[in-house]
Amino acid sequence: MINKDLDVLRECGGRGMCATCHVYVQSGMESLSTVNRRQQRTLEVITSCKTNSR
């Protein structure tokens, strides 16, 4: 879930369907929940996706 204090566009409500909330995590990846199936499918089509993408 995206923290409401962050200024991140999330057209689909942050459900990982449209990629408008794509971010690069600079630190703390180990604290994040596991990427769900829908998020993984979305990340697979983002051409700028990196190992720290969420």
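Given the structure is predicted, the values throughout are model-derived calculations rather than measurements.

Rules used in this analysis
- Residues numbered from 1 in each chain as written.
- Predicted model: local features only at pLDDT ≥ 70, side-chain atom pairs only at ≥ 80, totals over all residues.
- Heavy atoms only, no water.
- Helix = DSSP H or I, 4+ residues; strand = E, 2+ residues; numbered from the N terminus.
- Buried < 20%, exposed > 50% of the residue type's maximum accessible area, 1.4 Å probe, protein only.
- Contact = heavy atoms within 4.5 Å.
- Polar contact = N/O pair within 3.5 Å; in protein donor to acceptor, adjacent residues only side chain to side chain.

### Considerations on the environment of Thr20
Phase 1: Positionally, Thr20 belongs in the segment before α1 (37-45).
Phase 2: The class for Thr20 is partly exposed, based on a relative accessible area of 29%.
Phase 3: As for Thr20 and Arg10, which are separated by 10 residues in sequence, their C-alpha atoms are 5.3 Å apart.
Phase 4: Beyond its immediate stretch of four places on either side in the chain, Thr20 contacts Val8, Leu9, Arg10 and Glu11.
Phase 5: A polar atom in the side chain of Thr20 sits 2.9 Å from the backbone nitrogen of Glu11.

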